[in-house]
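# Topology and contacts: notes
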Amino acid sequence: MTTTGAGADTAAEDRVFAALANGTRREVLRLLREEGPQPVQALAGRFDIRRPSLSEHLKVLREAGLVSEQRYGRQRIYRLEAAPLAEVQDWLHPYERFWRQRLRGLGELLDRMPDDDWP
């Protein structure tokens, strides 16, 4: 998630964030992270949605680079591709640092306040 080559990078970033915005897709990523590569049938069995809907979610994840698909005959195996998630983490890091500093400042302020000021 760099600022060089802004057009292509921005489109890729937008696809990743759009993919992560959906709870079903985040759950697919969690399952692939925790349980490893899985056939689409196994993933479909974990959700209360129709198979075409899950296929659409997998397509969005694939287009964002968050999963890859391997075909073995008629079977499709999906695997987590974590590199875009590391890029999201890199993008979020300055915001984490910002909030950590703010909360530390709030903690210091509260520590300086006398305890008897509370009703």
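In the block above lies the structure referred to throughout.
Below is a summary of the structure that appears in this document. Just so it is clear, the structure is predicted and the values come from calculations on it, not from any experiment. (Residues numbered from 1 in each chain as written. Predicted model: local features only at pLDDT ≥ 70, side-chain atom pairs only at ≥ 80, totals over all residues. Heavy atoms only, no water.)

## A word on the sheet that holds strand β2 (residues 67-72)
For the record, the criterion: What makes two strands pair is DSSP finding at least two bridges between them. Comment: elements are numbered from the N terminus, with helices defined as DSSP H or I runs of at least four residues and strands as E runs of at least two. Here, residues are in contact when the closest pair of their heavy atoms is within 4.5 Å. Each axis is a line fitted through C-alpha atoms, taken for helices only over the stretch in contact, and angles between the N-to-C directions span 0 to 180 degrees.
Strands sit in the order β1-β3-β2 across an open sheet of three strands; the sheet is antiparallel. Among the strands making up the open sheet, the edge pair consists of β1 (38-39) and β2. Judged from the six bridges that link them, β2 and strand β3 (residues 75-80) form a sheet pairing that is antiparallel. Paired with S68 across the strands is R79, a residue of β3. Here helix α4 (residues 51-63) sits on the sheet in contact with β2 and β3, set at roughly 115 degrees to β2.

## Let's talk about a nonpolar patch on the surface
Under the convention used in this document: Residues enter patches when they are more than 30% accessible in relative terms and free of salt bridges; like-charged ones are connected within 9 Å and nonpolar ones (Val, Leu, Ile, Met, Phe, Trp, Tyr) within 5 Å. The accessible surface values rely on the Shrake-Rupley method and a 1.4 Å probe; as for residues, cover is taken only from the protein chains in view. The term salt bridge refers to a pairing of a side-chain nitrogen on Lys or Arg with a carboxyl oxygen on Asp or Glu at a separation within 4 Å. Here the term buried applies to any residue with accessible area under 20% of the maximum for its type, exposed to any over 50%, and partly exposed to those in between, with areas from a 1.4 Å probe on protein chains only.
Together, W91, L92, Y95, F98 and W99 make up an exposed nonpolar region whose accessible area comes to about 520 Å². Here L92 lies in helix α5 (residues 83-112). Residue L92 is classed as partly exposed on the basis of its relative accessible area of 33%.

## What about α4?
An α-helical turn contains 3.6 residues, so a residue and the one three or four places further along point in the same direction. Put simply, the rule reads: A helix's residues, less one, multiplied by 1.5 Å, set its expected span. As used here, the arc is the angular range of directions from the helix axis to the C-beta atoms.
The end-to-end C-alpha distance of α4, which contains 13 residues, comes to 18 Å, matching closely the 18 Å that a straight helix rising 1.5 Å per residue would cover. The set of residues buried in α4 consists of L54, H57, L58 and L61. The buried residues of α4 occupy an angular sector of 100 degrees when the element is viewed end-on, so they sit on one face. Of the residues one or two after α4, G65 is the one with positive phi, at around 80 degrees.

## Some points on the pairing of β3
Two strands pair when backbone bridges link them, and β1 and β3 are joined in this way by two bridges, in the antiparallel orientation. Directly across from Q38, in β3, lies its bridge partner Y78. As consecutive antiparallel partners, β2 and β3 are separated by two residues, and within that stretch G73 has a phi angle of approximately 65 degrees, a positive value.

## Overview of the nonpolar core
Filter applied, for reference: Each nonpolar core is a collection of buried residues, namely Ala, Val, Leu, Ile, Met, Phe, Trp, Tyr and Cys, held together in the definition by side-chain atoms within 4.5 Å.
Residues V28, L43, L54, L58, L61, L66 and Y78 are the most contacted members of the largest nonpolar core, which totals 19 residues. Residue assignment for this core shows that the elements contributing at least two residues are α1 (6-20), α2 (23-35), α3 (40-44) and α4. Here this core takes four residues from α2, the largest share from any one element. Not counting the four nearest positions on each side in its chain, L66 is found in contact with V16, A19, L20, L29, L61, R79, L80, E81, P84 and L85.

## Notes on the packing of aromatic side chains
Any aromatic ring pair is given by two values, namely how distant the centres are and how the planes are angled relative to each other. In plain terms, the rule: Two aromatic rings from Phe, Tyr or Trp, using only the six-membered ring of Trp, form a pair when their centres are within 6.5 Å; if the ring planes differ by under 30 degrees the pair is stacked, by over 60 it is edge-to-face, and anything between is tilted.
Scanning the entire structure with this criterion turns up three aromatic pairs. The interplanar angle of 65 degrees and the centroid separation of 5.2 Å between the aromatic rings of F17 and W91 together place this pair among those described as edge-to-face. With a gap of 74 residues between them, F17 in helix α1 and W91 in helix α5 connect regions that are remote in the sequence. The class of F17 is partly exposed, set by a relative accessible area of 30%. Judged by relative accessible area, W91 falls into the partly exposed class, the value being 37%. Among the aromatic residues, those joined into a cluster by ring pairs are F17, W91 and Y95.

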